[in-house]
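# Results of the structural survey
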Amino acid sequence: MQWRTIYRKEMLEYWRNFSWIWVPIVFIILAIMDPITSYYLPIIIDNVGGLPEGASVEIPEVNPTDALMMSLSEFSMFGVLVIIFITMGLIAGERKSGVAELILVKPVHYATYISSKWAAKLTLVLTSYIIGLFASWYYVNLLFGNIAFSALVQTIGFYGLWFVLVLTITVFFSCLFKSSGVVLGSTIGTLLLMFSIYNIFSHVLTWFPNSLSSHIREMLQTGSVPNALWGTSFITVGSSLILLIVAYVIFQKKEVA
Amino acid sequence: MNVFSLLAPLIILEAVLAIVALIAWFKTDETNGPRWLWLVIILLIQIIGPILFFIFGRRQQ
């Protein structure tokens with residue numbers, strides 16, 4: 001009951017501050033930009049010119065899998081940044097402005113407060129991401145070749161888990177610190193640390209969350225879901241849940257004290 | 001397929017983004033930093049301008 005009230009209050013806020021319009025648009029633009037640009041690369045090079053007489057540029061053939069992966073790599077950079085920016089104030093901002101106290105003096109459980117806000121933001125992010133990937137799929141089919149609908153659905157399902165983790169990390173730090181800037185810094189720091197750990201130990205850490213996209217590429221190329229992808233998904237979902245629970249415990253201790 | 005019909009959705013999305021940012025700008029009384037500067041950013045910088053305004057431009061509460 002209370003859970004749904006907070007969830008709906010968040011949804012209303014996303015309508016009022018236009019999040020439901022601009023976040024999906026940003027994800028669509030991110031998703032379709034790279035496939036379109038690489039399709040027109042030969043024409044762009046021709047028109048811009050500046051190449052010496054007789055120079056020839058070999059542009060490698062882009063297959064549908066590569067084109068779809070381009071969208072994912074844009075998501076993993078700018079999509080993740082957008083998610084962090086719109087989420088960093090989720091709880092930190094309300095604690096700073098005092099809204100959190102207003103809600104929590106009522107008999108609202110801390111777990112209800114955190115999980116409903118987390119779920120609301122997740123709804124916004126995942127909806128935008130799914131719309132974006134559908135747009136990318138449309139262009140990839142048009143320009144580069146066929147990707148099966150089932151493969152798209154699998155890609156959406158598995159890559160979405162990465163966004164779940166990123167969002168949960170941001171919410172975690174948002175529970176810890178009052179300043180949005182600190183939340184931003186520690187979230188990006190954590191992601192960079194995970195990225196470098198994965199880069200160094202990628203041959204051992206086949207189930208590390210960062211390996212999701214390379215497993216997804218393998219899935220798109222072979223047409224079957226590799227075992228490592230299930231393992232990675234399990235780790236990603238598991239660590240998100242643990243982070244959320246730890247965030248709740250720390251938040252409760254902080255607020256009660 | 002001709003170039004225009006492929007790029008039309010992109011151009012429309014860009015325009016919608018800018019228009020929504022303008023509406024949000026009109027409705028916001030207090031912005032972070034000078035108000036007129038945000039108008040310039042929204043109108044002159046493609047795609048990035050409106051996004052920057054949505055993320056940083058508006059003051060919370």
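All values reported here derive from a predicted model rather than from experimental measurement.

If you tally the helices and strands in chain A, you get ten helices and zero strands. When its helices and strands are written in sequence order, chain A yields α-α-α-α-α-α-α-α-α-α. Once the C-alpha set of chain A is aligned to its principal axes, its extents read approximately 75 × 40 × 35 Å. Going through the 257 residues of chain A one by one, you find that 48% of them count as buried. If you take every contact in chain A between residues at least 6 apart in sequence, the share linking residues at least 24 apart comes to 77%. With an accessible surface of roughly 12400 Å², chain A has 68% of that area assigned to carbon and sulfur atoms. The distance from the centre of the 13 positive side-chain charges to the centre of the 13 negative ones in chain A is 25 Å.

Residues and elements named next belong to chain A. Applying the stated criterion to the full structure yields six salt bridges over all chains. Salt-bridge contacts for K117 lead to E10; the nearest nitrogen and oxygen are separated by 2.8 Å. With K117 in helix α6 (residues 110-143) and E10 in helix α1 (residues 2-16), the pair connects residues that are 107 residues apart, well separated along the chain. The residue D66 makes a salt bridge to R217 at a minimum N-O spacing of 2.9 Å. Remark: R217 occurs in helix α9 (residues 212-222) and D66 occurs in helix α3 (residues 64-87); sequence separation between them is 151 residues. Through salt bridges with shared partners, a single network forms among K9, E10, E13, E94 and K117.

Side chains of a nonpolar character, in soluble globular proteins, are inclined to be buried together. Grouped together as the largest cluster of nonpolar side chains are 101 residues, with contacts concentrated most on W22, F75, Y113, W162, F163 and I216 of chain A together with L17 of chain B. With 18 residues, the single largest contributor to this core is helix α7 (residues 149-176) of chain A. Other than its neighbours up to four places away in sequence, Y113 of chain A contacts I6, I91, E94, A100, I103, L104, V108 and F251 of chain A.

The sites that UniProt annotates as "domain: Cardiolipin synthase N-terminal" (unreviewed entry) are residues 16-58 of chain B. Helix makes up 74% of residues 16-58 of chain B and strand 0%. Its end C-alpha atoms lie 19 Å apart.

It is worth spelling out the UniProt feature "transmembrane region" (unreviewed entry) in chain B at this point. Residue and element names in this part refer to chain B. Mapped onto this numbering, the UniProt entry gives "transmembrane region" (unreviewed entry) at residues 7-26 and 38-56. Between the end C-alpha atoms of residues 7-26 the distance is 29 Å, and the span holds 100% helix and 0% strand. Annotated as 84% helix and 0% strand, the span residues 38-56 places its first and last C-alpha atoms 10 Å apart.

Rules used throughout
- Residues numbered from 1 in each chain as written.
- Chains lettered and ligands numbered in written order.
- Predicted model: local features only at pLDDT ≥ 70, side-chain atom pairs only at ≥ 80, totals over all residues.
- Heavy atoms only, no water.
- Helix = DSSP H or I, 4+ residues; strand = E, 2+ residues; numbered from the N terminus.
- Buried < 20%, exposed > 50% of the residue type's maximum accessible area, 1.4 Å probe, protein only.
- Contact = heavy atoms within 4.5 Å.
- Areas by Shrake-Rupley, 256 points an atom, 1.4 Å probe, with all protein chains shown as cover.
- Lys, Arg positive; Asp, Glu negative; His and termini not counted.
- Charge placed at Lys NZ, Arg CZ, Asp CG, Glu CD.
- Salt bridge = Lys/Arg side-chain N within 4 Å of Asp/Glu carboxyl O.
- Core = buried A, V, L, I, M, F, W, Y, C linked by side-chain atoms within 4.5 Å.
- UniProt positions renumbered as here; feature names shortened; annotations may be inferred.

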